[in-house]
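# Structural features, examined
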Amino acid sequence: MADTENTLSMDKIVSLAKRRGFIFQSSEIYGGLNGFWDYGPYGVRMKRAIEQLWWREMVETRDNVEGLDSTIICHPQVWKASGHLDQFSDDMCDCRDCKARHRVDMMEDPKVCSNCGSSNLTEPRAFNLMMKTFVGPVADDEHTAYLRAETCQPIFVDFHNVRIASRQKLPFGIAQIGKAFRNEINPRNFTFRSREFTQMEMEFFCEEADSMEWFDYWKEQRISYYRGKLGFGDDFMRIHEHDKLAHYAKAAIDIEVKFPFGWGELEGVHHRGVWDMSRHEEFSGKEQLYIDHDNHRKVMPTVIETSVGLDRTFLALLCKAYDEENLGEDKDGQPDIRTVLRFPAIIAPVQAAILPLSKKLSDNARELYNKLNRYFRCEFDVTGSIGKRYRRQDEIGTPYCVTFDFDSLEDKAVTVRHRDSMEQDRVAISELRDYLEKLID
Ligand code: GAP
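What comes next concerns the included structure.

The next thing to look at is the nonpolar core. Residues Phe22, Trp54, Trp218, Tyr226, Phe232, Phe343 and Ile347 are the most contacted members of the largest nonpolar core, which totals 58 residues. Contact partners of Tyr226, with chain neighbours within four places excluded, come to Gly231, Phe232, Met237, Ile255, Leu266, Glu267 and Val308. Grouped together as the second largest cluster of nonpolar side chains are 20 residues, Ala345, Ile354, Leu368 and Val427 included.

Spelled out as structure tokens, the structure:
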């Protein structure tokens, strides 16, 4: 795709996301804060739906994965042991002329400012990405703490507490969803690279001898999740096998998706060896070995990780769903363009909109809404012509609009309009819940 096309489609997505209440710039009235984003009314509905889908898939439907909700601020030694305090940095340089700051590995030509073309650049210097704060009333080195840069470290630290409390034996996993913070040098591409974001991570602890089998298993599980649940096909998703591995790792892949600005990492499935557990043993001075009572031996658990950003999943779904459909000419002879978000029903912020054809039917339609809202994410809308309401629902990605009309009073049936085909079915109110459930599942 040409550059201008890329920029155009991203601009359209950012503008729709704001207008329809998915994502806003944080602190906008103060000029915004670069790399921080707020989720509006539809955004938060969808974010929760993605989170719930992942949690259901990775924790609730498996008896060998436990959940955890740890603190954002941990003991600073956690980050010393993980290597973040010493190594979690990017090289940056500044342009002395236009004052732009660059991440060196992202510059097309590291000797030239991509903003103004000047070669008057500072020498690259390492910039640590951990966000600092202070715990307690004194702001000095002794009281310095860090906002977590990834959600997985507390999982390693809590491994034995979780294992004992849940009576799990190897192999088993621990999953967590939560905020992570990175002082990215160049936050960019909307929410793709933010400074505050949510991760969904699962660390699977197993024996070294079985670890490659588990790696293949989790890789396959995660790919089929994207194919089956989110509808990502080969034109939108690809697998990138790492050829350079960390010294402790045996294998690593990234699941990438096609954003308007190019292919980008969505999720990593990584073999982390015994690195994390050994480092926490070394730095805490507490033995982290797992006692295999059946075989009378001690083993250091090997870890397979699946790690995905919630905000990136959201952005991927938004980009994939965005469509402009040309429906011919409108009544004034102008092109009739329908903007539609073709979200999978399972994560759509509104799964069914209940629309009385006339305000006079509001009470009856609201009764139906109250019933359906217990089972699906629903919205009730009575404002404007039915055509305008359909278009509004198309723009927020509602897969089914349920219209209650005057005939509904007599035949006890409603019209269900399908977002993608715009086809309509007449469905008995008594069968509506089952009808929608089948479609949404
Ligand atoms: N525990 C491993 C880990 O954190 P990572 O590749 O740094 O690995 C995992 O991050 C995922 O978190 C990425 O694939 C991406 O989806 C998301 N992520 C990372 N940095 C991000 C950022 N600055 N903004 C939004 N999402 C980010």
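Around the ligand, the structure places 20 residues, and the nearest of them are Glu150, Arg182, Glu201, Glu265 and Leu266. Separating an oxygen atom of the ligand from a side-chain N or O atom of Gln199 is a distance of 3.0 Å. At a separation of 2.6 Å, an oxygen atom of the ligand approaches a polar side-chain atom of Glu265. When the ligand is considered free in solution it has 550 Å² of accessible area, and contact with the protein chains removes 90% of it. Using a 2 Å cut-off from the grid points, one finds that the ligand occupies the largest pocket.

In this section: the environment of Ile50. Within the secondary structure layout, Ile50 lies in helix α2 (residues 41-60). You can call Ile50 buried: its relative accessible area is 1%. Sequence spacing of Ile50 and Leu317 is 267 residues, and the spatial spacing of their C-alpha atoms is 9.9 Å. Each residue touching Ile50, except ones within four places of it in the same chain, is listed here: Met200, Tyr225, Leu310, Thr313, Phe314, Leu317 and Ile347.

Okay, the sheet that holds strand β3 (residues 65-68) next. Across the sheet, seven strands lie side by side as β3-β9-β10-β16-β13-β12-β11; this open sheet has mixed pairing. Whereas interior strands pair on both sides, the edge strands pair on one side only; in this sheet they are β3 and β11 (237-241). Strand-to-strand twist across the sheet, computed as the mean angle between neighbouring axes with direction ignored, equals 25 degrees. Relative to strand β13 (residues 262-273), strand β12 (residues 252-259) runs antiparallel, the two being bridged by eight bridges. From the neighbouring strand, Asp254 faces β13, where its bridge partner is Gly268.

This next bit is on helix α8 (residues 275-284). Burial in α8 covers these residues: Asp276, Met277, Arg279 and His280. Summarising the axial view, the buried residues of α8 lie within an arc of 165 degrees, below the 170-degree limit, and thus occupy one face. Taken together, the buried residues of α8 touch α3 (76-82), α5 (152-157), α6 (159-166), β10 (196-206), β13 and β16 (302-309). Where α8 terminates, the next one or two residues include Gly285, which has phi positive at roughly 75 degrees.

It is worth spelling out a nonpolar patch on the surface at this point. On the surface, Leu357, Phe406 and Leu409 cluster together into a nonpolar patch covering about 250 Å² of accessible area. Tracing the chain through its elements places Leu357 in the loop between β19 (352-356) and α10 (362-372). A residue is classified by how much of its surface remains accessible, and Leu357, at 39% relative accessible area, is partly exposed.

So, on to unusual backbone geometry. With an omega dihedral of -5 degrees, the bond running from Leu170 to Pro171 counts as a cis peptide bond. Structurally, Pro171 is set in the loop between α6 and β9 (172-181). Backbone geometry places Asn189, a non-glycine residue, at a positive phi of 55 degrees. Relative to the assigned elements, Asn189 resides in the loop between β9 and β10.

Thresholds, definitions, all that
Residues numbered from 1 in each chain as written. Predicted model: local features only at pLDDT ≥ 70, side-chain atom pairs only at ≥ 80, totals over all residues. Heavy atoms only, no water. Core = buried A, V, L, I, M, F, W, Y, C linked by side-chain atoms within 4.5 Å. Buried < 20%, exposed > 50% of the residue type's maximum accessible area, 1.4 Å probe, protein only. Contact = heavy atoms within 4.5 Å. Near = heavy atom within 4 Å. Polar contact = N/O pair within 3.5 Å; in protein donor to acceptor, adjacent residues only side chain to side chain. Areas by Shrake-Rupley, 256 points an atom, 1.4 Å probe, with all protein chains shown as cover. 1 Å grid on protein atoms, 1.4 Å probe; cavity = no way out; pocket = protein on both sides within 12 Å on 5 of 7 lines; lining within 4 Å. Sits in = over half its atoms within 2 Å of the grid points. Helix = DSSP H or I, 4+ residues; strand = E, 2+ residues; numbered from the N terminus. Pairing = 2+ DSSP bridges. Axes fitted to C-alpha atoms, helices over the stretch in contact; angles between N-to-C directions. Arc of directions from axis to C-beta. Patch = residues over 30% accessible without salt bridge, like charges linked within 9 Å, V, L, I, M, F, W, Y side chains within 5 Å. Salt bridge = Lys/Arg side-chain N within 4 Å of Asp/Glu carboxyl O.

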